[in-house]
Amino acid sequence: MARIGLLTGGGDCPGLNPVIRGIVRKGINTYGHELYGFRRGWKGVLDNDAIELTLENTSGILHTGGTMLYTSRTNVYKTENGEERVLASLKERGIDVLIPIGGDDTLGVARKLNAAGFPTVGVPKTIDNDIGGTDFTFGFQTAVQIATDAIDGLHTTAESHQRVMVCEVMGRHAGWIACHAGIAGGADVILVPERPFDLDDVCNHLRHRHETTGKHFSVVVVAEGATLAEGGDMATSEHDALDSFGHVRLGGIAFQLEKEIAERTGYEVRATVLGHIQRGGTPVAFDRVLGTRFGVAAIDAASNGDFGMMTALQGTSIGLVPLDEALKEPKLLDPELFKTAEVFFG
Ligand code: F6P
């Protein structure tokens, strides 16, 4: 029996509650652990703000989006005496092992804490699907489904008005959401950060489609982090501020594309930015199952002394990978997948 702490950090993500439920259910029923959930990510550990997690208060959350523990983007290592404060809170509460559930930023803090001697087990989370060492992160499939449904919606209005619809999706510097939703939604052009694009090529694809296929409408899916081949700042919007992990806030490239494509082609163009809708709502079944499997695997790892590790989906199995290895670099879009998408451009 041990006292285990958990937290959810970074952007929220459909599937976080299933992870929490999985950890608590197996932690109590199989191991007899006591579980504490720190609120608002690392901020909760810095402030020693936690609640006891029980079978009762983690029941009925499987199908719910968001996180019952709340979240924040708090960088312990950018906070004065951050590590000391975290270690003091954990000691005060008698926590033996900490399970941070988050993306590369949250898990980066976990890795440092583990290196500093505090036992941690990570659970990877992000709709962006850009964490190394795992084939998928939960939340990604939900985001892809939401984006695909939106693209389906844009198709009918694009066809009625014979317009070009530009749909911007999230994903930060990875094109996973754009590529998957673009393929699933039958996009005519997909723009991803991994493949800086040329505006003339984009317009040529659209002209080719409108002039030779009898279709006088198109759908362009653009990742928020896509960039122009010749450089320029189309990837970033008016948001200049950086978060505590040094990330710029993305969003708005669709509006710039709307203007540029309209000017160059003479077609009517409209932009839609899906934004946080992609992170909201209920998790699809895949993410509930993956979240549950990660939660159960994380409490097993915490109980078996597999510290400094992260749960991972490897093919169809759940395994563990060292945090050091998983966080070496972000997992960018598979070029083979993009090649498949390109077959349908123009
Ligand atoms: O990492 C998940 C994500 O949704 C990215 O796709 C996006 O760029 C970012 O978070 C948005 O962050 P915030 O919710 O802080 O605006």
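Throughout, residues of each chain are indexed from 1 in the direction in which the sequence is written. pLDDT decides what is reported in this predicted model: residues at 70 or higher carry local features, side-chain atom pairs at 80 or more are listed and counted, and totals for whole chains, interfaces and linings draw on all residues regardless. To obtain the side-chain values, all non-hydrogen atoms of the structure were used and water was disregarded.

**Points about the sheet that holds strand β9 (residues 269–273)**
(1) Moving on: Judged by pairing direction, the sheet is parallel, and its 4 strands sit side by side in the order β7-β8-β6-β9 without closing on themselves. With one partner strand each, in any of the chains shown, β7 (189–191) and β9 form the two edges of the open sheet. Across the sheet, the mean angle from the axis of one strand to that of its neighbour is 15 degrees, orientation sign disregarded.
(2) Moving on: Any two strands with at least two DSSP bridges between them are considered paired. A run of DSSP states H or I qualifies as a helix once it reaches four residues; a run of E qualifies as a strand once it reaches two. Both are numbered from the N-terminal end. Taken together, the 3 bridges between β7 and strand β8 (residues 218–223) define a ladder with parallel strand orientation. By the bridge assignment, V189 is partnered in β8 with V220. In this analysis an axis means a line fitted to C-alpha atoms, helices contributing only their contacting stretch, and an angle means the value between N-to-C directions, from 0 to 180 degrees.

**A closer look at the nonpolar core**
Across soluble globular proteins, you tend to see nonpolar side chains buried next to one another.
(1) Moving on: Among the buried residues, those of types Ala, Val, Leu, Ile, Met, Phe, Trp, Tyr and Cys that are joined through side-chain atoms within 4.5 Å form a nonpolar core. Buried means the residue's accessible area, taken with a 1.4 Å probe over protein chains only, is under 20% of the maximum for its type, while exposed means over 50%, and partly exposed covers the values in between. Counting residues in hydrophobic clusters, the biggest one holds 55 residues, and the most contacted among them are L6, I99, I101 and F138.
(2) Moving on: The greatest single-element share of this core, amounting to 7 residues, is contributed by helix α5 (residues 140–161).
(3) Moving on: Throughout, a residue-residue contact means that at least one pair of heavy atoms, one from each residue, lies within 4.5 Å. Filtering out sequence-adjacent residues up to four positions away, I101 remains in contact with L6, L7, T8, G9, L16, V19, I20, I23, T106, V123, K125 and F138.
(4) Moving on: Ranked by size, the runner-up nonpolar core spans 25 residues in total, among them L7, W42, V109 and L113.

**Comments concerning empty space enclosed by the protein**
(1) Moving on: Only protein atoms enter the calculation, which uses a 1 Å grid: trapped sets of points that fit a 1.4 Å probe without letting it out are cavities, open sets showing protein on both sides within 12 Å along at least five of seven lines are pockets, and any residue with an atom within 4 Å of a point is a lining residue. Grid points are joined across faces, edges and corners, and a volume is the space filled by probe spheres set on the points. This model, assessed by the stated rule, comprises 1 cavity of 30 Å³ or more.
(2) Moving on: A volume near 30 Å³ is recorded for the largest cavity.
(3) Moving on: If you go around the largest cavity, the residues you meet are G10, W42, S72, R73, T74, D105, T106 and F245.
(4) Moving on: Ten residue types, Ala, Val, Leu, Ile, Met, Phe, Trp, Tyr, Cys and Pro, are classed as nonpolar, four, Asp, Glu, Lys and Arg, as charged, and the remainder, Gly among them, as polar. Its residues assigned to classes, the lining of the largest cavity comprises 2 nonpolar, 4 polar and 2 charged.

**Things to note about the state of the cysteines**
(1) Moving on: Pairs of cysteine sulfur atoms within 2.5 Å are what we label disulfides. Tallied over the entire structure, the rule returns 0 disulfides.
(2) Moving on: There is no disulfide at C203, and the cysteine sulfur nearest it, in C167, is 18 Å away.

**Observations concerning the packing of α5 against helix α6 (residues 176–185)**
(1) Moving on: The geometry of α5 relative to α6 is characterised by a closest axis approach of 8 Å and an angle of 45 degrees between their N-to-C directions. When the interaxial angle is binned, α5 and α6 end up oblique. The interaxial crossing formed by α5 with α6 has right-handed handedness. Residue-level inspection shows F140, A143, V144, A147, T148, I151, D152 and H155 of α5 in contact with α6, the latter providing W176, I177, H180, A181, G182, A184 and G185. Our angle categories are set so that under 35 degrees counts as roughly parallel, over 145 as roughly antiparallel, 65 to 115 as roughly perpendicular, and the remainder as oblique. Each crossing is labelled by how the near helix is turned from the far one, with a counterclockwise turn of less than a right angle marking it left-handed and a clockwise turn marking it right-handed.

**Side note on the layout of surface pockets**
(1) Moving on: The calculated volume of the largest pocket comes to roughly 770 Å³.
(2) Moving on: In this structure, the largest pocket is lined by 41 residues; those nearest its centre are R73, M170, R172, E224 and R279.
(3) Moving on: Of all the elements in the fold, those that place two or more residues in the lining of the largest pocket are α4 (104–115) and β6 (164–169).
(4) Moving on: Among the elements that take part in the lining of the largest pocket, α4 stands out by supplying 3 residues, more than any other.
(5) Moving on: Considered class by class, the residues forming the lining of the largest pocket number 13 nonpolar, 14 polar and 14 charged.

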